[in-house]
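# Topology and contacts: notes
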Amino acid sequence: MIIDSRGMRQLEASSGFTNAQLMETAGKACADWISSHFSACRNILLLCGKGNNGGDGFVIGRILGSAFHVTAACVDGAPATKEAQDAFTLLSCDVLQDPDAILQAAQHTDLLVDCVYGVGFHGTLSARMKKLFSSINNMHLHVCSIDINSGAESDSGRYDPDAIRSDVTIALDCYKPFHMLRKDHQLFKHAYMVSLGIPHPDHSAFLEMNEDSFFAGYPRKKENAYKGTFGKTTVIGGSYGMAGALGMNIIGAKTVGVSYLNAVCPHEIYPVVASRFLTPVFHPFGDQDMYRVIEPLLYDTRAIAFGSGAVNMPKKEEILDLVLQAADCPVVLDAEAIRLLNHNYYILRFVHEPVILTPHIGEFSSLINRPVDVIQHDRIHLALQFAKDYKVFLVLKGPHTIVASPTGDLYINQSGCSGLAQAGSGDLLTGMIAGLLTMNNDVFQAVCMAVWLHGYLAEEGTKDHAANMLDLSRFPALADSLYFRHGF
Ligand SMILES: NC(=O)C1=CN([C@@H]2O[C@H](COP(=O)(O)OP(=O)(O)OC[C@H]3O[C@@H](n4cnc5c(N)ncnc54)[C@H](O)[C@@H]3O)[C@@H](O)[C@H]2O)[C@@H](O)CC1
Ligand SMILES: Nc1ncnc2c1ncn2[C@@H]1O[C@H](COP(=O)(O)OP(=O)(O)O)[C@@H](O)[C@H]1O
C-alpha cells in the first residue's frame, strides 16, 4: 500500500498504539532487519535528527548495541519530541555532536544508518547539513536509510541534491510516494518495507497496478460479441514525414485488443499507412474536406486520440477546436495537440468530456512555462495541481509515468524500462490509452491500465533482448501472450 504523510499520520493515530509504542516497534523492526542483512558488520554509525525519525534511530542503536559496536551522532541538535527524548535516555553508546568527529567516525564505520529526517522533512537542507551529507555521500559507505532518505520529501518526491544516498531504504509500514520514484531520484538502490502492525484501510488515493488489477478492469469478449460491442476507437494522427506516428497509434490500439478502429490521417500519408495496416477503417482528409470527414466520426466513437505525429497535419488548429467542442467521449491529446495548447490551455476548463493529456517532461515544461529541472524535482505536485486546475487527466511521461486525476487521484507507474526511451513509444501509448478508454468507462483506471501495460510489455519485450533493441511492433504479440496466460 502507498500512502502520503497525512494518511500515515491518520493511520498511526487510529492504530490504537501510542507514538512511543510505534517508535519502539519501528526501531525493533529496523534493527532486526539490519542485523539479519548486515550481520558481517562490526561498527555501525547512526546519524540521528531531532524528530521522531531520530527517535527511531535511538531505539535501533539501543537494540543493535548488544551485538554491534554502535556510535550515535545527534547531527541536528538535541531530540525535540517526547518520544525521541525518552528513546535517547535509554541509549548507552557513545554520542557524537561535532561534525568533524562525526565524519571521522564515518571513515571507520561498516554501516551508516541514516535517521536524520523522515516524513517530517520539507524544503531544502541547511548549509551545515548539505556540507555534512555531501561529505558522507562522497565517502561511498554502506548506507541504510530509515523510512525516507534524509533530504527528500515523502509526498512530493522533491529532494535536495545533497540528500543522503543509500544502498537500502527501509519504509515504515507503507511505501510513500518517494519510494515509488526511485528511477527519477536514484537516492536508494533497494527499498524494503517493515510492518508496524497497523491495520490498513481497503482504499488508498494511490492506485497500484499489477496483472491482477489490470485484468480486473479488462473486459472479456462474450461468445455473442460483435465488432461494435466495445464501440469504436478513433485515432487522428500522422502527417507528411511522420506517417509512422499514426502507425504506432494503430499498433497501440491493436495491443489492447480494439475491435473497431477508425484511423484518420491526411491524404498524403494514407497510401503508406493503409498499405501497412489492414484492419483499421481509414478516413483520409485534406484542407477542403476536413470537417466533412472528421465531424461525423466524433459522434460515433467511444474514445478519440489526436496529435501523434500531427506536426504537418493540415487544419490541425481547427481539428483541435472541433475535437474539444464536439466530441462526446474522452479525448486523448498527445504531442502536437499539446503543443497547440501551449498558449491557450485555459480552454481545457470549458471542455465537458474527459480530456487526457500525455506530455513528456519537455512538453509539460513548454505547456506550463516552467523549466524542465523544476518539474523534474516536483513532478507529483505539479501534475496534481495542473490536473486539478484544468480538470484534466494528466499523464506525465517518464521513467516513472505519473497519472493525476482532476479529483486528486494519483498513480505512479512502476513498470517499464529504458527500452521505451525511443521515438514512437509515446505514440504507441496514446493508441493504447484510447483503446482502453473504449473498453472501460472509468477514465482514471483505463489510463493507468494502459500506462502499466505499456511498461509491462516493454519489460517482457526486453527479457531475451538488449534493452536498446526493444521492437515496438511486437507489442500486440507480447500482449497476446499475457491475455492468453490469463485465459482470454
Ligand atoms: N507516530 C509517529 O509519528 C511515528 C513516527 N515514526 C518516525 O518518525 C518520522 C516522522 O517524524 P517527525 O514527524 O518527528 O519528523 P522527522 O523526524 O522526519 O523530521 C522532522 C524534524 O525535522 C525538521 N525539519 C523538517 N524539514 C526540515 C528542513 N528542511 N531543514 C531542517 N530541519 C527540518 C522538523 O522541524 C522536525 O524537527 C517517520 O518518518 C518515522 O521515521 C516512527 O517512530 C513510527 C511512529
Ligand atoms: N527510461 C525509461 N524507462 C521507462 N519508460 C520510459 C523511459 N524513457 C521513456 N519511457 C516511456 O516511453 C514513452 C516515451 O514517450 P515520448 O517521449 O512521447 O515518445 P514519442 O513521442 O517519440 O512517441 C513514455 O511512455 C515514457 O514513459
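Residues numbered from 1 in each chain as written. Chains lettered and ligands numbered in written order. Predicted model: local features only at pLDDT ≥ 70, side-chain atom pairs only at ≥ 80, totals over all residues. Heavy atoms only, no water.

## Details of the sheet that holds strand β4 (residues 111–115)
Taken together, 7 strands build an open sheet; the order of strands is β3-β2-β1-β4-β5-β6-β7 and the sheet is parallel. Here the strands that pair on one side only, and so sit at the sheet edges, are β3 (94–96) and β7 (188–194). Each strand axis lies, on average, 25 degrees off the axis of its neighbour in the sheet, ignoring direction. Examined bridge by bridge, strand β6 (residues 166–172) and β7 share 6 bridges and lie parallel to one another. For Ser166, the partnering residue across the bridge sits in β7 and is Phe188. (Pairing = 2+ DSSP bridges. Helix = DSSP H or I, 4+ residues; strand = E, 2+ residues; numbered from the N terminus. Axes fitted to C-alpha atoms, helices over the stretch in contact; angles between N-to-C directions.)

## A word on the nonpolar core
Residues Phe214 and Phe475 are the most contacted members of the largest nonpolar core, which totals 59 residues. Here this core takes 13 residues from helix α18 (residues 443–461), the largest share from any one element. Non-local contacts of Phe475, meaning those with residues more than four positions away in its chain, are made with Thr255, Leu420, Leu428, Met432, His454, Leu457, Ala458 and Leu470. Counting 53 residues, the second-largest nonpolar core is a separate cluster that includes Leu322, Ala327, Phe364 and Ile412. (Core = buried A, V, L, I, M, F, W, Y, C linked by side-chain atoms within 4.5 Å. Buried < 20%, exposed > 50% of the residue type's maximum accessible area, 1.4 Å probe, protein only. Contact = heavy atoms within 4.5 Å.)

## Notes on the UniProt feature "binding site: (6S)-NADPHX" (unreviewed entry) in the protein
Sites flagged by UniProt as "binding site: (6S)-NADPHX" (unreviewed entry) map to Ala245, Gly309, His360 and Asp427. Mapped onto the elements of the fold, His360 is located in the loop between β14 (355–357) and α14 (361–368). Residue classification places His360 among the partly exposed residues on the basis of a relative accessible area of 38%. Apart from the residues within four sequence positions on either side, His360 is in contact with Leu396 and Lys397. Residue position: Asp427 is located in helix α17 (residues 425–439). (UniProt positions renumbered as here; feature names shortened; annotations may be inferred.)

## What about the environment of Met8?
Looking at where Met8 falls in the secondary structure, it is placed in helix α1 (residues 5–13). The exposure class assigned to Met8 is buried, which follows from its relative accessible area of 4%. As for Met8 and Asp94, which are separated by 86 residues in sequence, their C-alpha atoms are 32 Å apart. Discounting residues that sit within four places of it in the chain, Met8 has contacts with Ile3, Leu172, Asp173, Cys174, Lys176 and Ile198.

## Re the packing of helix α11 (residues 290–298) against helix α12 (residues 316–326)
For any two helices packed against each other, the geometry is given by the interaxial angle and the distance between the axes. Interhelical geometry of α11 versus α12 gives an angle of 25 degrees and a closest axis separation of 10 Å. As summarised for this structure, α11 and α12 are arranged roughly parallel, according to the angle between their axes. Viewed along their axes, α11 and α12 form a crossing whose handedness is right-handed. Between α11 and α12, the residues in contact are Met290, Tyr291, Ile294, Glu295 and Leu298 and Glu318, Ile319, Leu322, Val323 and Ala326, respectively. (Parallel < 35°, antiparallel > 145°, perpendicular 65-115°, else oblique. Left-handed = near helix turned anticlockwise from the far one by under 90°.)

## Section: the UniProt feature "domain: YjeF N-terminal" (unreviewed entry) in the protein
In the numbering adopted here, UniProt assigns the feature "domain: YjeF N-terminal" (unreviewed entry) to residues 1–204. What you have in residues 1–204 is 37% helix and 19% strand, and the ends, taken at the C-alpha atoms, are 8 Å apart.

## Digging into the site of ligand 1
Near ligand 1 you find 19 residues, and of these Asn53, Asp56, Gly118, His122 and Asp147 are the closest. At 3.1 Å, a side-chain N or O of Arg9 approaches an oxygen atom of ligand 1. The contact in question runs from an oxygen atom of ligand 1 to an N or O atom on the backbone of Asn52, over 2.8 Å. Alone, ligand 1 offers 860 Å² of accessible surface; in the complex the protein occludes 79% of this. Of all the secondary structure elements, the ones that give two or more residues to the shell around ligand 1 are α1, α2 (19–37) and α3 (52–64). (Near = heavy atom within 4 Å. Polar contact = N/O pair within 3.5 Å; in protein donor to acceptor, adjacent residues only side chain to side chain. Areas by Shrake-Rupley, 256 points an atom, 1.4 Å probe, with all protein chains shown as cover.)

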